Amino acid sequence: MLKKTLALLGLLLIAAAAYLALWPVPIKPVAWSAPADPGYVGAFAVNDKLAHLNMIDLGKEEGPEHIVIGPDGKLYTTVLSGNILRMAPDGSAQEVFVNTGGRVLGFDFDAAGNLIAADAIKGLLSVAPDKTLSVLTDRIDGTPIRYADAVVVARGSGKMYLSDASTRFAPAEWGGTFEASVLDILEQAATGRVLEYDPATRATRVVAHGLAFANGVALSADEKSLFVAQTGKYRIWKLDVQARNLDVGAGSNPQATVLFDNLPGYPDNLMRGLDGKVWAGLVKPRNPTVDKLAAQPFLRKVTLRLPRALWPVPKAYGHVMAFTEDGKVVANLQDATGAYPETTAITETPERLYVQSLHARGLGWLKRLPSAAGS
């Protein structure tokens, strides 16, 4: 009996080892060198300035991922259900402005008052003030835009700059935006790109590619440069908007500068604030296990074969920062408890700082004080 039990245990161990080593997974991991995490020091010193937020109740909705004050003076936010909500700046008079039938992650308004949406499922959309919806672009050179993430509209030219986070993993095919982002960042194939859509010619072109999960985008004040968050490599880039099909991973190029490298967390949305600053959210802090796996493609495959509860998901930690166009950090707001989870950026008005979040059950905000603009 003992021999049979031991034999059975041996077979189970062999089966488990075979599963962990051989079971098919969707990623083809690429080895890369993760820089040593400097931690929360210097300009990113630990504080609790993001704690004890005021809250706007969103009812059953959650995840005010992106927030914009529209040309009508109302606050718009996209939430996990796929709705775009509209309300007064104090949170009253809430209504569903539109549901695109996809998942809008970022949006802006054009000069005509149309809401321009980066829909992770459907591409780049335009929603007219009367709620008429149209697709501006969902393909380029015959290939689909698989993961539209963020968009910003140039006030001068009207051109629209869009991040396509991954050309490998489409949220529609991999269980949603979070699942697709995890696959892309684990793989590190750096297939993300930044696109330009010109509404005058209806042409779409590649500005830059080679980004490990291209995320938030923001224009410089003179609209000659584009700031882009590269979530998978803890970076924020400054790109020339005139660049054409630029490979940021190919080496030094005068049209591409790493403005921030080796950040203490994963950068997400980028939002222009007041007084020339740009806000960025660090949606999760660095995880030492993830960094150690950077040079271990095989072990990253093994990770995906483990139960999801065993994945090295970074802990909850609230963190937003603001910087000047030359790369100086001028605001650093944190909450180590992560009570308001997955902070993606700040939307700044003269009265308030609205805190964007992937999964918060409500919309957090702080009263804007003179100190909030620079500390």
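Before any of the text, the structure's been laid out above.
Bear in mind that the values here come from a model prediction, so they are computed numbers and not experimental data.

1. Details of the nonpolar core
The tendency in soluble globular proteins is for nonpolar side chains to be buried side by side.
And then number 1: Grouped together as the largest cluster of nonpolar side chains are 28 residues, with contacts concentrated most on Phe107, Leu115 and Trp279.
And then number 2: At the level of secondary structure, the elements contributing two or more residues to this core comprise β5 (95-99), β6 (104-109), β7 (115-119), β8 (123-127), β23 (318-323), β24 (329-335), β25 (343-348) and β26 (352-357).
And then number 3: The next biggest cluster of nonpolar side chains, apart from the first, holds 21 residues, and it includes Trp32, Phe227, Ala229 and Leu270.

2. Focus on the pattern of salt bridges
And then number 1: On inspection of all chains with the given rule, the structure shows 17 salt bridges.
And then number 2: Across the pair Arg86 and Asp72 runs a salt bridge whose closest N-O atoms are separated by 3.8 Å. On the criterion of sequence distance, the pair formed by Arg86 in strand β4 (residues 83-87) and Asp72 in the loop between β2 (66-69) and β3 (75-78) is long-range, its members being 14 residues apart.
And then number 3: When its relative accessible area of 14% is taken as the criterion, Arg86 is described as buried.
And then number 4: Owing to a relative accessible area of 39%, Asp72 belongs among the partly exposed residues under this scheme.
And then number 5: The partner of Asp275 in a salt bridge is Lys277, and the shortest N-O contact between them spans 4.0 Å.
And then number 6: The exposure class assigned to Asp275 is exposed, which follows from its relative accessible area of 67%.

3. Details of the sheet that holds strand β27 (residues 363-367)
In a beta sheet, neighbouring strands are held together by backbone hydrogen bonds and run either parallel or antiparallel to one another.
And then number 1: Pairing within the open sheet is antiparallel, and its four strands lie in the order β1-β27-β26-β25. Bordering the open sheet on either side are β1 (54-56) and β25, each of which pairs with just one other strand. Going across the sheet, the axis of each strand differs from the next one's by a mean of 30°, ignoring polarity.
And then number 2: Taken together, the five bridges between β25 and β26 define a ladder with antiparallel strand orientation. Paired with Ile346 across the two strands is Val355, which belongs to β26.

Rules used in this analysis
- Residues numbered from 1 in each chain as written.
- Predicted model: local features only at pLDDT ≥ 70, side-chain atom pairs only at ≥ 80, totals over all residues.
- Heavy atoms only, no water.
- Core = buried A, V, L, I, M, F, W, Y, C linked by side-chain atoms within 4.5 Å.
- Buried < 20%, exposed > 50% of the residue type's maximum accessible area, 1.4 Å probe, protein only.
- Helix = DSSP H or I, 4+ residues; strand = E, 2+ residues; numbered from the N terminus.
- Salt bridge = Lys/Arg side-chain N within 4 Å of Asp/Glu carboxyl O.
- Pairing = 2+ DSSP bridges.
- Axes fitted to C-alpha atoms, helices over the stretch in contact; angles between N-to-C directions.

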